[in-house]
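Close look at the chain arrangement
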Amino acid sequence: MWTNYFKSAWRNFTKYRLFNVINITGLSLGIATCLLIAFHIQDELSYEKDFPKHKQIYRVHVRDWAKSSPPMAEELKNYFSEIQSVARIYDLSPRILSYEDFQASETGGVYADSSFLTLFDIQFVHGKPTGSLTVPFTIILTESLVKKYFKGEDAVGKIIKLNNRDEYAVTGVIKDFPPNTHFKINYMISMPTFYKAIPDNWTQSRGWMAVYTYAKVDTEEAFNSVQQKMTGFIRKFYEGFGTDEELQSNSLAWQPLTDIHLKSNLRQELSENSNILYLYIFGSVAFFVLLVACVNFINMNLSLAFRHR
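Figured I'd write up the structure that's included with this text. (Residues numbered from 1 in each chain as written. Predicted model: local features only at pLDDT ≥ 70, side-chain atom pairs only at ≥ 80, totals over all residues. Heavy atoms only, no water.)

Remarks on the environment of Met 300
Among the structural elements, Met 300 can be located in helix 11 (residues 276–307). Along the backbone, Met 300 and Ile 22 are 278 residues apart, and their C-alpha atoms lie at a distance of 9.7 Å. (Helix = DSSP H or I, 4+ residues; strand = E, 2+ residues; numbered from the N terminus.)

As structure tokens, then:
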């Protein structure tokens, strides 16, 4: 029976070859377009989800800025028992990295707290998180950067220069960050180096929006408790800074890590973000393309059927 069906279908296909080729091609292109858009949407929705604790991590920032002040992280940790871990990074402008006779300009450099490594479960190829990024003038490189500069040598313990001036000891090699994250990091310098490079009156300033601050809160109940205590924290943190109205204008926002790529358009974003509105548009386009392709396929087959009645 099935053999007869296939023979009949093949005879029908060869008899109206041009008609069937056009019909099948139209439906195939519609399905392919829909699938490509679906894969793009899936990729956009996957941002930050490679980090095991992504559901528990928030970026803490001031008003419409993506950044916060350097002292805030420690104050948050001390004030809120609900916060399990806090980490900061400070984005660097492009730097010239050099090792022996090779040098190149590199982007993706940051100063980072050592807690950043455990908060985001950074995977080490050489070295280990314990003790890394705790000593001034130490640096951690990504795997791709090590291949570029050290040509397969073990980089741990070697000295690499920044801007042909400052020397940094390599204390670890980590796996490259996944592409579906707002972190575009190629190397991390210890935060104690930041405090040696920047004057105290800047690093202790509560009004200097300089670092990106991330906090981990384990449960929804703990997060709600933090939100209820925020007014008290802001008054304490900005004590003597201004009036109640000015304190209110410095209220902190807690943004879920997974919302940053699609739902954030603040000043000084760490990297260029997308917009969830685009996903709705792409999804609608995919639906209508598939709908038109299906309707066209059905109509053409119906017209052929009525033609031979």
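Some remarks on the packing of aromatic side chains
Considering all chains together, one arrives at 27 aromatic pairs under this definition. Seen in terms of ring centroids, Phe 120 and Tyr 214 are 5.6 Å apart; in terms of plane orientation they differ by 85°. Their pairing is edge-to-face. Taken together, the residues span a long stretch of sequence, with Phe 120 in the loop between helix 4 (115–119) and strand 6 (124–126) and Tyr 214 in strand 11 (residues 212–217) at a distance of 94 residues. Here the two residues Phe 120 and Tyr 214 agree in accessibility, since each one is buried. With 6.3 Å between their ring centres and 10° between their planes, Phe 194 and Trp 208 make a pair best called stacked. With Phe 194 in helix 6 (residues 191–197) and Trp 208 in the loop between helix 7 (200–203) and strand 11, this residue pair connects regions lying 14 residues apart in the sequence. For the pair Phe 194 and Trp 208, a shared accessibility class is recorded, and that class is buried. (Phe/Tyr/Trp six-rings, centres within 6.5 Å; stacked < 30°, edge-to-face > 60°. Buried < 20%, exposed > 50% of the residue type's maximum accessible area, 1.4 Å probe, protein only.)

As for the nonpolar core
One finds Ile 139, Leu 141, Phe 150, Ile 160 and Tyr 187 to be the most contacted residues of the largest nonpolar core, which totals 26 residues. Counting only elements with at least two residues in this core, the list comes to strand 3 (95–99), strand 7 (138–142), helix 5 (143–150), strand 8 (159–162), strand 9 (166–174), strand 10 (187–190) and helix 6. If one sorts the elements of this core by residue count, helix 5 sits on top with four residues. Leave out the neighbours within four places in its chain, and Ile 139 touches Ile 160, Leu 162, Tyr 168, Ala 169, Val 170, Thr 171, Gly 172, Tyr 187, Met 188 and Ile 189. (Core = buried A, V, L, I, M, F, W, Y, C linked by side-chain atoms within 4.5 Å. Contact = heavy atoms within 4.5 Å.)

Focus on the side chain of Glu 44
One can find Glu 44 in helix 2 (residues 17–45). Although Glu 44 is buried, it forms no salt bridge, and the closest oppositely charged side chain is Lys 184 at an N-O distance of 8.7 Å. (Lys, Arg positive; Asp, Glu negative; His and termini not counted. Salt bridge = Lys/Arg side-chain N within 4 Å of Asp/Glu carboxyl O.)

Some details on the environment of Ser 274
With respect to the helices and strands, the residue Ser 274 is situated in the loop between helix 10 (260–263) and helix 11. The residues contacting Ser 274, other than those within four sequence positions of it, are Glu 44, His 261 and Leu 262. For Ser 274, the side chain forms a polar contact with the side chain of Glu 44, separated by 3.2 Å. (Polar contact = N/O pair within 3.5 Å; in protein donor to acceptor, adjacent residues only side chain to side chain.)

Overview of the state of the cysteines
According to the stated counting rule, one finds zero disulfides in the structure shown. Looking at the unpaired Cys 34, the closest cysteine sulfur is the one in Cys 294, lying at 8.9 Å. With relative accessibility at 19%, the residue Cys 34 sits in the buried group. (Disulfide = S-S within 2.5 Å.)

What to know about the pattern of salt bridges
All chains considered together, the criterion is met by twelve salt bridges. As a salt-bridge pair, Asp 166 and Arg 165 come within 3.3 Å of each other at their nearest N and O atoms. Here the salt bridges do not stand alone but share partners, grouping Glu 75, Arg 206 and Lys 236 into one network.

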